[in-house]
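Listed here are the chains, written in short residue letters.
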Amino acid sequence: MKDPIVHLLLFIAIVVPIVVLSGMYADRTDDSMLKALPKRLLMFFGGLAVLIVLMLVVEHTFASTT
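Residues numbered from 1 in each chain as written. Predicted model: local features only at pLDDT ≥ 70, side-chain atom pairs only at ≥ 80, totals over all residues. Heavy atoms only, no water.

### Regarding the overall build of the chain
Then step 1. When its secondary structure is counted, the chain shows two helices and zero strands.
Then step 2. Considering only C-alpha atoms, the chain reaches an extent of 55 × 25 × 15 Å along its principal axes.
Then step 3. Of the roughly 5800 Å² that the chain leaves accessible, carbon and sulfur atoms contribute 74%.
Then step 4. Distance from the positive charge centre (5 side chains) to the negative charge centre (5 side chains) of the chain: 6 Å. (Helix = DSSP H or I, 4+ residues; strand = E, 2+ residues; numbered from the N terminus. Areas by Shrake-Rupley, 256 points an atom, 1.4 Å probe, with all protein chains shown as cover. Lys, Arg positive; Asp, Glu negative; His and termini not counted. Charge placed at Lys NZ, Arg CZ, Asp CG, Glu CD.)

### A closer look at the packing of helix α1 (residues 4-26) against helix α2 (residues 30-62)
Then step 1. Two elements in contact, α1 and α2, have axes whose closest approach is 10 Å; the angle formed by their N-to-C orientations is 130°. Here α2 runs oblique to α1, going by the angle between their axes. As for how α1 packs across α2, the hand of that crossing is right-handed. When α1 is examined against α2, the residues Phe 11, Ile 12, Val 15, Val 16, Val 19, Val 20, Gly 23, Met 24 and Ala 26 are found in contact with a partner set consisting of Met 33, Leu 37, Arg 40, Leu 41, Phe 44, Phe 45 and Leu 48.
Then step 2. Class assignment of the residues belonging to the contact of α1 with α2 gives a composition of 14 nonpolar, one polar and one charged. (Axes fitted to C-alpha atoms, helices over the stretch in contact; angles between N-to-C directions. Parallel < 35°, antiparallel > 145°, perpendicular 65-115°, else oblique. Left-handed = near helix turned anticlockwise from the far one by under 90°. Contact = heavy atoms within 4.5 Å. Nonpolar A, V, L, I, M, F, W, Y, C, P; charged D, E, K, R; others polar.)

### Some thoughts on a nonpolar patch on the surface
Then step 1. The grouping of Leu 8, Phe 11, Ile 12, Phe 44 and Phe 45 at the surface amounts to a nonpolar patch, some 400 Å² of accessible area in total.
Then step 2. Mapped onto the nonpolar patch, the elements with two or more residues apiece are α1 and α2.
Then step 3. The element contributing the most residues to the nonpolar patch is α1, with three residues.
Then step 4. Its relative accessible area of 33% is what places Ile 12 among the partly exposed residues. (Patch = residues over 30% accessible without salt bridge, like charges linked within 9 Å, V, L, I, M, F, W, Y side chains within 5 Å. Salt bridge = Lys/Arg side-chain N within 4 Å of Asp/Glu carboxyl O. Buried < 20%, exposed > 50% of the residue type's maximum accessible area, 1.4 Å probe, protein only.)

Here you go:
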């Protein structure tokens, strides 16, 4: 994979607006959305981290060539 930092930044640039927009539709007021936004982002990126770890464990377990 070329330029992993660039890919990571592009992914973050796409994900943050998606999480913000979903928060705007989920909450009635902007104040409650802004209060919940850090938690929403943390939950999203935390969920991604868990998924990445699980994928790496499965890859290491089942795709080993030795």
